[in-house]
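# Breakdown of the fold
The lines below spell out each chain.
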Amino acid sequence: MAKRTLSLFSRRTFTGALPAGLAALAAASPMWSRLLRRATAASAATPQRLLVWYTADGTVPEWFWPENAGALSIRTDRTEDLTGTDFNESLPEEDRPAFLLQPIAGYADRTLLVRGLSIPGISDHDNAVRGTLTGTAEEEDGHPSLDDLVGRAQRTDAHVEAVLRTGAYGDRVSYTATRELCRPEDSGYVEPSWQPVNDARRVLDAVGGLAIPGVSQEIRVASRLAALGSVRQRVEDLRCAAGTPAAQRLQAYVEEVARLEALELDLRDTPTEPMDPLIDPEDPEVGAAERDIRSLATLAPFVRDLAVTSLALDYSPVVTIQWGASGENKIEDGELTDYRYEFIPGLEYSGAGDHGLAHPEDGAFMDAGHRISAELATRDRVRIYRWFYGQLAALLDRLSSVPDGAGTLLDSTTILCVSEFGGPRANSTAEQHSTNNLPYILIGGSQTLVRGGRMLEVDRPHGDYLLTLAQAFGSSVTRMGVGESTIDDLL
Amino acid sequence: MELVNEVMGMRRSMLSALTLSFACYSGSEPSGLAGDSSGDLPGETGTAVTSQGGSTSAGTEDDSGVGSTGSTEAGVDTGEGDSEGGEVDLAPADAPFARLTREEYRQTVLASLGAAVDVQAVPADGRVGPFTSNASQETDPVHPFLIASEELARGLVPEALAACDPDEAQACIEDTYRGPLEVLFRRSVSDAEVEALAQVVVEVAEAGASPEEATEAMLGAALLSPDFLFRTSASAAGADPLGRQRAEHVSYTLWDAPPDAELTAAAMDALPAQALRLSKAPEAVAVFARFLAQWLHVDTDVRLLDPGFDASADYLELLAYASAALQDDQPIADFMAGAVGLVHRDNFEAYGIEDDSEYGDEPVVAMPWTEDSGRVGLLGQELFASTTRHPDASRRAIFRGALFWNSLVCIPVPSPPAGLVDMNDEVTSRLEDDRCSGCHQVLEPVGGLFAPFDRDVALEPSPATLSAPAELAGTYDDLAALLSAVGGSRVFADCFARHWLAFFLERRTQDVSDEWVTELGAQIQDGASLSQLVEQTVTGFLGRSEATVAWCEGE
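Residues numbered from 1 in each chain as written. Chains lettered and ligands numbered in written order. Predicted model: local features only at pLDDT ≥ 70, side-chain atom pairs only at ≥ 80, totals over all residues. Heavy atoms only, no water.

## Re the overall build of chain A
We apply this condition: Strands are runs of DSSP state E lasting at least 2 residues, helices are runs of H or I lasting at least 4, and numbering of each runs from the N terminus. Accessible surface is estimated by sampling points in the Shrake-Rupley manner with a 1.4 Å probe; for residues, cover comes only from the protein chains shown.
For chain A, the helix and strand inventory stands at 16 helices and 14 strands. Of the roughly 15900 Å² that chain A leaves accessible, carbon and sulfur atoms contribute 48%.

See below:
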């Protein structure tokens with residue numbers, strides 16, 4: 001089988017000469033030459049982008065929140081070595097606030113924390129997850145999630161989709177309802193494919209095509225248009241009676257076919273430039289990592305770069321990354337077997353996963369020989385969340401390295417970190433499902449509405465927060481779930 | 001009349017038990033069926049009952065839909081003939097119009113084109129209830145299939161299938177591709193279709209493509225066609241489209257594969273015999289293994305994503321069990337009370353077998369369950385014991401009890417309300433606290449009977465007393481006594497039949513016909529085996545399809 005190479009043909013048009021500094025960068029990095037050309041496009045408006053970053057099962061509040069509201073600074077001098085088994089006790093209490101956030105300390109001036117957001121009346125995984133981006137408190141109909149609202153508000157003709165949703169391993173570690181973070185308008189809740197490699201293939205294919213050696217772009221487009229047209233004609237020829245299962249299913253199918261035809265027509269009509277993307281979906285190591293839940297460390301950089309690629313190449317104005325899901329313990333033969341975080345140095349209970357660690361059983365597991373004490377759970381969760389914030393920092397660094405307009409991609413991107421639980425205290429059985437003090441984080445660049453370097457103290461439902469963001473991004477909604485008013489001073 | 005009264009009596013007692021179960025957590029509003037607003041049995045949501053620590057499930061999953069757009073609603077949207085309360089007259093036209101699953105896709109490509117497919121490139125499958133199915137998905141992700149079809153075509157042309165000269169495209173397709181396409185589409189291919197595909201070759205060639213490239217485009221179009229990707233084919237083509245659709249449904253259900261030549265040539269009234277043949281073939285083993293596992297809420301399709309599970313002792317035992325059940329015409333009742341297990345050599349220790357000298361060299365051996373082991377039937381297999389073997393031994397009875405009530409007798413016990421879960425640190429005894437005891441006194445005595453399965457702790461099971469369903473009311477000293485009673489009971493027979501029909505028809509359990517459940521339940525109680533059940537199911541499938549109207553007019 002002919003292996004695809006990843007010569008990406010651009011959909012964009014070069015509009016002018018590059019400024020000297022940017023030209024040097026282009027020469028050093030042909031990868032981004034196409035993007036740099038936008039810097040000279042006088043008519044190019046700065047798009048607003050949103051990246052939603054979801055991690056499951058909340059946080060360790062005592063190690064997450066800064067001590068006081070007001071100006072935000074995140075220390076960089078605390079230990080990076082979390083391999084010990086007593087750091088949770090030996091680390092002075094005054095060193096614990098914002099400990100988890102240390103990896104993103106360099107972006108503190110772009111970071112906005114808001115303490116006091118809550119999902120009222122909810123205390124289980126399902127509804128909490130479904131409410132996290134929709135603003136709902138109980139499962140209700142007709143409340144699209146924030147990523148959908150923003151995606152539809154910010155989508156232009158240049159974009160392929162409103163939202164790219166991707167994620168890792170969620171379907172392997174928890175049940176359906178805990179994976180349903182997002183809700184498009186006029187649809188039920190959805191989850192990503194959990195196949196970031198396939199997501200990458202369709203992103204790259206859509207924005208410029210995955211070229212085949214020896215096959216010209218023109219032939220590729222002609223072949224695809226002929227095939228898609230044939231399929232569309234075939235559905236028409238079937239003449240399925242309205243209301244039948246076949247008609248309903250095939251109508252949706254042919255709409256997708258038509259969308260892909262439109263993409264191909266757009267490709268056909270735009271000049272192309274070869275370039276190398278950040279990601280290689282043909283990398284066998286990544287493919288193997290997608291299957292093996294022990295390989296998050298290998299898969300995570302790919303997922304990050306997929307998100308950046310999607311934003312940079314205007315596949316979508318919004319990307320939602322779901323780093324797994326929680327609500328279920330994977331059990332085999334008396335052991336917990338969620339080994340996603342096994343690679344983290346010093347991890348003491350590698351099979352517990354987000355869920356097992358968030359529900360230490362006050363000694364019961366210890367009596368059964370499984371040793372998940374509250375202290376152990378705290379240490380492991382600190383390690384895990386620190387790792388995720390390290391990934392976030394890497395993402396921010398990447399966004400900062402991608403030229404966009406007169407600055408970088410980060411400048412016009414807002415990152416929203418979310419999770420479904422909060423609580424005043426972690427790892428107490430009474431607080432396991434607390435939806436108070438949700439650990440939402442906003443990080444935004446100079447061309448976004450985020451006024452970073454702050455922590456606010458509020459007492460508001462999460463829906464108000466999401467409504468504020470939705471309206472700021474151009475959505476016309478006046479309510480998001482339980483959110484009926486915006487939060488002054490948020491943006 | 002007596003049988004009818006008996007059935008109605010059982011239904012009333014089941015309903016009473018259901019009513020009781022909805023309110024078994026006192027001090028809270030009846031939460032309905034656990035974890036799912038669509039009304040599935042709790043086991044179908046993969047959410048077992050919990051006492052604390054949030055929702056936990058014994059390593060199972062079932063999703064209503066997975067994919068880039070996904071769908072949350074379990075069950076099948078049948079368009080016309082939406083079901084309510086299980087009172088559905090089933091007909092092949094009401095069988096789901098579903099996208100091929102990954103395995104069906106792989107096997108169909110293999111059968112038609114002789115090509116091996118990496119199904120990682122294909123979107124993951126959804127679930128209807130606990131069973132693998134794409135029937136409930138609202139949309140299908142075309143783009144990944146487009147990319148996959150192009151790659152597949154490039155790998156086949158011209159190495160395996162000749163490239164077509166555009167000037168002779170129609171003849172080329174006729175000579176080289178019609179046969180494979182007819183297997184791919186599971187029906188005859190019309191001249192008009194050949195002409196349409198030839199037109200693809202011509203069109204692409206006119207754009208400057210080589211014959212290879214143009215032929216690849218044609219084959220790619222066929223691999224993206226709804227005639228391939230969906231089943232049952234919507235086309236009205238051929239002398240007997242209804243018969244073709246039924247044969248296809250039976251073949252995919254039993255083999256994950258398109259009909260073979262013998263099934264394709266068989267007359268409609270021979271379909272039950274053909275189904276029997278299929279059920280006895282090696283190709284059916286993996287499918288029935290999946291059915292048994294997913295019925296008991298072990299999602300082997302997810303487990304098979306883990307490297308090495310396909311060669312694991314637990315999975316090989318399951319395959320051997322399914323094979324034996326099919327080949328030996330083991331009564332379905334024996335799934336409960338059977339005295340023989342299938343044990344892999346790597347699992348001897350798990351089963352407490354110390355001396356393996358008498359068991360020869362076979363990797364999996366059949367051996368009687370000993371009284372000491374406490375094991376019995378299918379549930380005695382280590383796969384099921386393992387996935388309900390919670391690290392906290394005091395909790396295992398919860399999951400095993402839930403498995404009993406949800407999967408064996410179809411009397412669901414809901415998960416506790418979330419507010420109650422958060423109060424769990426106030427609960428010193430689940431069996432005594434008024435807020436929990438109503439459900440846990442139902443769950444845990446039964447679940448506790450499974451304790452001998454665990455070698456890591458020495459928990460002595462206490463006798464379990466059931467007050468419902470009436471047929472099983474009584475006190476049981478051990479699991480063997482309970483499952484023996486279950487295996488011979490009508491409530492089990494109907495519950496198994498309901499799950500089986502849900503699997504066969506790709507519907508939620510509550511959407512299958514009660515009347516059909518009753519019919520098959522009677523046969524199970526009379527000693528039917530899986531293969532016999534298959535044959536009877538297909539007979540019923542034919543008998544209920546006489547009023548079919550084709551969905552589509554085109555050929």
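So much for the structure itself; the text now carries on.
## Overview of unusual backbone geometry
The phi angle of most residues is negative, glycine excepted, and most peptide bonds adopt the trans form. Put simply, the test is: Think of it in three bands: with a 1.4 Å probe and only protein chains considered, a residue is buried below 20% of the maximum accessible area for its type, exposed above 50%, and partly exposed in between.
In this structure, the amide linkage connecting B:V157 to the following residue, B:P158, adopts the cis form with an omega of 0°. With respect to the secondary-structure elements, B:P158 resides in the loop between α3 (142-156) and α4 (169-185). The peptide bond linking B:A468 to B:P469 adopts the cis configuration, its omega dihedral lying at -5°. Phi is positive for A:Y169, close to 70°, though the residue is something other than glycine. In this fold, A:Y169 is placed in the loop between β5 (163-167) and α7 (170-173). Of the residues examined, A:Y169 reaches a relative accessible area of 2% and is grouped as buried. The phi angle at B:E506 is positive, at roughly 60°, despite the residue not being glycine. With respect to the secondary-structure elements, B:E506 resides in the loop between α20 (490-505) and α21 (514-525). We classify B:E506 as buried; its relative accessible area is 6%.

## Thoughts on the packing of aromatic side chains
Aromatic ring pairs: the centre-centre distance and the angle between the two ring planes describe each pair. To keep it simple, the criterion reads: Aromatic rings from Phe, Tyr and Trp, with only the six-membered ring used for Trp, were paired whenever their centres fell within 6.5 Å, and each pair was classed as stacked if the ring planes differed by under 30 degrees, edge-to-face if by over 60, and tilted otherwise.
Taken as a whole and assessed by the stated rule, the structure comprises 33 aromatic pairs over all chains. Aromatic pair A:Y253 and B:F230: ring centres 5.2 Å apart, planes at 90°, arrangement edge-to-face. One end of the pair, A:Y253, is in helix α10 (residues 245-268); the other, B:F230, is in strand β4 (residues 230-231), on a second chain. Accessibility expressed as a relative area gives 0% for B:F230, which makes it buried. Relative to B:W500, the ring of B:F291 lies with its centre 5.4 Å away and its plane at 80°, an arrangement referred to as edge-to-face.

## Digging into the state of the cysteines
Heads up, the condition is: Cysteine sulfurs are considered disulfide-paired once they come within 2.5 Å of each other.
Applying the stated rule across the entire model yields three disulfides over all chains. Sulfur-sulfur distance for the disulfide between A:C240 and B:C552 comes to 2.1 Å. Around the S-S axis, the bridge from A:C240 to B:C552 shows a dihedral of about 95° and counts as right-handed. With A:C240 in the loop between α9 (217-238) and α10 and B:C552 in the segment after α22 (530-543), the pair connects residues from two separate chains. Each disulfide pairs two cysteine sulfurs, and for B:C164 the partner residue is B:C172, the sulfurs being separated by 2.0 Å. The chirality of the disulfide connecting B:C164 with B:C172 is left-handed, given an S-S dihedral of about -70°. Looking at the unpaired A:C182, the closest cysteine sulfur is the one in A:C417, lying at 14 Å. Exposure remark for A:C182: the relative accessible area of 0% places this residue in the buried category.

## Details of the pairing of strand β14 (residues 454-461) of chain A
All names here are of chain A. For the record, the criterion: Here, a strand pair is defined by DSSP locating no fewer than two bridges between the strands.
In this structure, strand β3 (residues 70-71) lies alongside β14, joined through two bridges in antiparallel fashion. When the sheet's bridge partners are listed, G70 is paired in β14 with M455. Inspection of the sheet shows strand β4 (residues 111-118) paired to β14 by six bridges, in the parallel sense. Looking across to β14, one finds that S118 is bridged to P461.

## Observations concerning the nonpolar core
The line we're drawing: By nonpolar core we mean a set of buried residues, namely Ala, Val, Leu, Ile, Met, Phe, Trp, Tyr and Cys, connected to one another through side-chain atoms within 4.5 Å.
Among the nonpolar cores identified, the biggest contains 145 residues, and A:L392, A:I415, B:Y105, B:I173 and B:Y177 are the most heavily contacted of them. Of all the elements, helix α15 (residues 374-401) of chain A adds the most residues to this core, at 13 residues. Membership of the second largest hydrophobic core comes to 85 residues, among which are B:L263, B:V285, B:L342 and B:L482.

## Some words on the pairing of strand β13 (residues 441-444) of chain A
All names here are of chain A. Burial along β13 is two-sided: the residues I441 and I443 and L442 and G444 are all buried. Relative to β13, strand β12 (residues 413-418) is paired through four bridges, and the arrangement is antiparallel. Looking across to β13, one finds that T414 is bridged to G444.

## Thoughts on a negative patch on the surface
Applied cut-off: Patches here are clusters of residues that have more than 30% relative accessible area and form no salt bridge, with a 9 Å joining cutoff for like charges and a 5 Å cutoff for nonpolar side chains (Val, Leu, Ile, Met, Phe, Trp, Tyr). Definition used for salt bridges: Asp or Glu carboxyl oxygen within 4 Å of a side-chain nitrogen of Lys or Arg. This count recognises Lys and Arg as positive and Asp and Glu as negative, with His and chain-terminal groups excluded. A single reference atom marks each charge: NZ on Lys, CZ on Arg, CG on Asp, CD on Glu.
Negative charge collects at one region of the surface, where B:E349, B:E354, B:D355 and B:E358 lie side by side. For B:D355, a relative accessible area of 46% translates into the label partly exposed.

## Examining the confidence of the model for chain A
What counts here: Per-residue confidence from the predictor is reported as pLDDT, a score between 0 and 100. Two residues qualify as a contact provided that any one of their heavy atoms is within 4.5 Å of a heavy atom in the partner residue.
For chain A, the mean per-residue pLDDT works out to 86, and 85% of the residues sit at or above 70. Note that pLDDT drops below 50 for residues 1-44 of chain A; the model gives that stretch 105 contacts with residues more than four away or on any other chain.

## Concerning the sheet that holds strand β7 (residues 318-323) of chain A
Residues and elements named next belong to chain A. What counts, and what does not: What counts as an axis is a line fitted to C-alpha atoms, over the stretch in contact for a helix, and the angles between N-to-C directions run from 0 to 180 degrees.
Across the sheet, eight strands lie side by side as β3-β14-β4-β13-β12-β2-β7-β5; this open sheet has mixed pairing. Edge positions in the sheet fall to β3 and β5, since each of these pairs with one other strand and no more. Pairing geometry for β4 and β13, over three bridges, is antiparallel. Among the inter-strand pairings, T111 is bridged to a residue of β13, identified as I443. Relative to the sheet, α15 contacts β2 (49-55), β7, β12 and β13, its axis offset from that of β2 by approximately 165°.

## Quick word on the packing of helix α10 (residues 271-280) of chain B against α22(B)
How two helices pack is summed up by the angle between their axes together with the distance between the axes. Residue and element names in this part refer to chain B. Convention followed: Just so you know how the angles are binned, under 35 degrees is roughly parallel, over 145 roughly antiparallel, 65 to 115 roughly perpendicular, and the rest oblique. Left-handed describes a crossing whose near helix is turned anticlockwise from the far helix by less than a right angle; the clockwise case is right-handed. Gly counts as polar in this scheme, as do all residues outside two lists: the nonpolar Ala, Val, Leu, Ile, Met, Phe, Trp, Tyr, Cys and Pro, and the charged Asp, Glu, Lys and Arg.
The geometry of α10 relative to α22 is characterised by a closest axis approach of 8 Å and an angle of 150° between their N-to-C directions. With respect to each other, α10 and α22 are oriented roughly antiparallel. Considering only the axes of α10 and α22, their crossing is right-handed. Contacts between α10 and α22 pair L271, P272, A273, A275, L276, S279 and K280 from the former with S531, Q532, V534, E535, V538, T539 and L542 from the latter. Looking at the contact of α10 with α22 residue by residue, the classes come out as eight nonpolar, four polar and two charged.

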